[in-house]
Amino acid sequence: MLKIGNYTFHSRLLLGTGKYPAFDIQKEAVEVSGTEILTFTVRRMNIFEPSQPNFLEKLDLESYSLLPNTAGAKTASEAVRHAQLARASGLCDMIKVEVIGCDKTLLPDPVETLKATEELLKEGFTVLPYTSDDVVLARKLEELGAHAIMPGASPIGSGQGIVNPVNLRFIIEQASVPVIVDAGIGSPADAAYAMELGADAVLLNTAVSQAKDPVKMANAMRLAIEGGRFGYEAGRIPRKRYASASSPMEGMSV
Ligand SMILES: CC(=O)[C@@H](O)[C@H](O)COP(=O)(O)O
């Protein structure tokens, strides 16, 4: 079970809702993925204008926990404002803090992320900050009271997979709140790897929404995350320098 603040989930896949080729495909991919948590950008929602087109309109939103994100915010105060808007619309008290510090890499601004996390925790939100794979920053976010830590595997939308497994492992080892690997996942192998490293969950979007067949990829991601988690729990064999026979001869009479 994945426990984030007061919420409990069976699925360990958090799915983004943007960049699908069509709303029907988005709906099918979301269903097939088995996800229980959908994330979307507050700024892109017509929260207060129901007559306007809504990119979540095909989804049965009652069936999911919603994790609005503050994408587009460049300062802590903008992120706080986005979160307040989302809560005012009655969506959910969970918020993914995303404060971008660089337009080219879309890497998060650590100082503003800390500030926004602190303020939103004071306001009673369940706060999930998106952060770089910086180990010390991850610890500071947890010390502030963040309900989960979301280190990036690699830049958003890059599909580069996990570029720094060493740091991710350190973050996972030190954390006592869930670690959700977020952004940069390109393939089911990347998602399985994150889970095998001991991540509690994976958040991804582009790898599914931009796949040749998003529905099939959503299924592949579900299976990869389940498989990676089972593998982690089962315990990987240690790597050895030399071979060791699969059918040992010791103890055989002939
Ligand atoms: C949807 C969302 O929250 C993204 O900002 C997230 O970080 C996913 O990144 P990818 O698209 O690289 O999976």
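Residues numbered from 1 in each chain as written. Predicted model: local features only at pLDDT ≥ 70, side-chain atom pairs only at ≥ 80, totals over all residues. Heavy atoms only, no water.

### Things to note about helix α5 (residues 165–174)
Alright, step 1. All buried positions along α5 are accounted for by N167, L168, I171 and I172. Projected down its long axis, α5 carries its buried residues within an arc of 135 degrees, all on one side.
Alright, step 2. Considering only its buried residues, α5 is in contact with α4 (135–144), β8 (150–151) and β9 (180–182). (Buried < 20%, exposed > 50% of the residue type's maximum accessible area, 1.4 Å probe, protein only. Helix = DSSP H or I, 4+ residues; strand = E, 2+ residues; numbered from the N terminus. Arc of directions from axis to C-beta. Contact = heavy atoms within 4.5 Å.)

### Regarding the packing of helix α6 (residues 188–196) against helix α8 (residues 214–234)
Alright, step 1. Between α6 and α8, the shortest axis-to-axis distance is 7 Å and the interhelical angle comes to 25 degrees. Looking at the two axes, α6 sits roughly parallel to α8. The two elements α6 and α8 meet at a crossing, and its hand is right-handed. Residues P188, A191, A192, M195 and E196 of α6 pack against M217, A220, M221, A224, I225, G228, R229 and Y232 of α8.
Alright, step 2. Partitioned by chemical class, the residues of the contact of α6 with α8 number ten nonpolar, one polar and two charged. (Axes fitted to C-alpha atoms, helices over the stretch in contact; angles between N-to-C directions. Parallel < 35°, antiparallel > 145°, perpendicular 65-115°, else oblique. Left-handed = near helix turned anticlockwise from the far one by under 90°. Nonpolar A, V, L, I, M, F, W, Y, C, P; charged D, E, K, R; others polar.)

### A closer look at the pairing of strand β6 (residues 94–97)
Alright, step 1. Neither face of β6 is open: one carries M94 and K96, the other I95 and V97, and all of them are buried.
Alright, step 2. Sheet topology places β6 next to strand β7 (residues 126–131); four bridges connect them, and they run parallel. Its bridge partner being in β7, K96 is matched across the sheet by L128.
Alright, step 3. For the handedness criterion, the β-α-β arrangement of β6, helix α3 (residues 110–122) and β7 is classed as right-handed. (Pairing = 2+ DSSP bridges. Right-handed = clockwise from strand over helix to strand, strands pointing away.)

### Topic: the environment of A194
Alright, step 1. Turning to its location among the elements, A194 is positioned in helix α6.
Alright, step 2. Setting aside its immediate chain neighbours within four residues, A194 contacts I162, V181, A199 and V202.

### Let's talk about the packing of aromatic side chains
Alright, step 1. Counted under the stated rule, the structure contains one aromatic pair.
Alright, step 2. Centroid distance Y7 to F9: 6.4 Å. Interplanar angle 15 degrees. Geometry classified as stacked.
Alright, step 3. According to the relative accessible area criterion, Y7 is partly exposed, its value standing at 25%.
Alright, step 4. When the ring centre of Y130 is taken as origin, the NZ or CZ atom of K96, which lies over that ring, is 5.2 Å away. (Phe/Tyr/Trp six-rings, centres within 6.5 Å; stacked < 30°, edge-to-face > 60°. Lys NZ or Arg CZ within 6 Å of the ring centre and 35° of its normal.)

### Side note on the site of the ligand
Alright, step 1. Around the ligand sit 13 residues, and of these K96, G157, D182, G184 and T206 come closest.
Alright, step 2. With respect to the ligand, the side chain of E98 contributes an N or O atom lying 3.3 Å from an oxygen atom.
Alright, step 3. In the model, an oxygen atom of the ligand is placed 2.8 Å from a nitrogen or oxygen of the N205 main chain.
Alright, step 4. Against a free-state accessible area of 360 Å², the protein chains account for coverage of 93% of the ligand.
Alright, step 5. Here the ligand is seated within the largest pocket.
Alright, step 6. When grouped by side-chain class, the residues that make up the shell around the ligand number four nonpolar, six polar and three charged. (Near = heavy atom within 4 Å. Polar contact = N/O pair within 3.5 Å; in protein donor to acceptor, adjacent residues only side chain to side chain. Areas by Shrake-Rupley, 256 points an atom, 1.4 Å probe, with all protein chains shown as cover. 1 Å grid on protein atoms, 1.4 Å probe; cavity = no way out; pocket = protein on both sides within 12 Å on 5 of 7 lines; lining within 4 Å. Sits in = over half its atoms within 2 Å of the grid points.)

### Here's the deal with the environment of R236
Alright, step 1. Of note, R236 is situated in the segment after α8.
Alright, step 2. When its relative accessible area of 51% is taken as the criterion, R236 is described as exposed.
Alright, step 3. Sequence separation of R236 and E196 is 40 residues, and the distance between their C-alpha atoms is 8.4 Å.

### Comments concerning the layout of surface pockets
Alright, step 1. In this structure, the largest pocket encloses a volume near 450 Å³.
Alright, step 2. Of all the elements in the fold, those that place two or more residues in the lining of the largest pocket are β4 (37–41), β10 (201–204) and α7 (206–209).
Alright, step 3. Top element by residues in the lining of the largest pocket is β4. It accounts for three residues.
Alright, step 4. Of the residues in the lining of the largest pocket, the class split is nine nonpolar, twelve polar and five charged. (Points joined across faces, edges and corners; volume = space filled by probe spheres on them.)

### Some remarks on α8
Alright, step 1. Taking 1.5 Å as the rise per residue, α8 with 21 residues should run 30 Å; its terminal C-alpha atoms sit 30 Å apart, in good agreement.
Alright, step 2. Regarding α8, the residues found buried are P214, V215, A218, M221, A224, I225, G228 and R229.
Alright, step 3. Those residues of α8 that are buried lie in contact with β3 (13–16), α1 (23–33), α6, β10 and α7.
Alright, step 4. Within two residues after α8, G235 carries a phi angle of roughly 90 degrees, on the positive side. (Expected span 1.5 Å × (residues − 1).)

So far we have only geometry, and geometry alone does not tell us how the molecule works.
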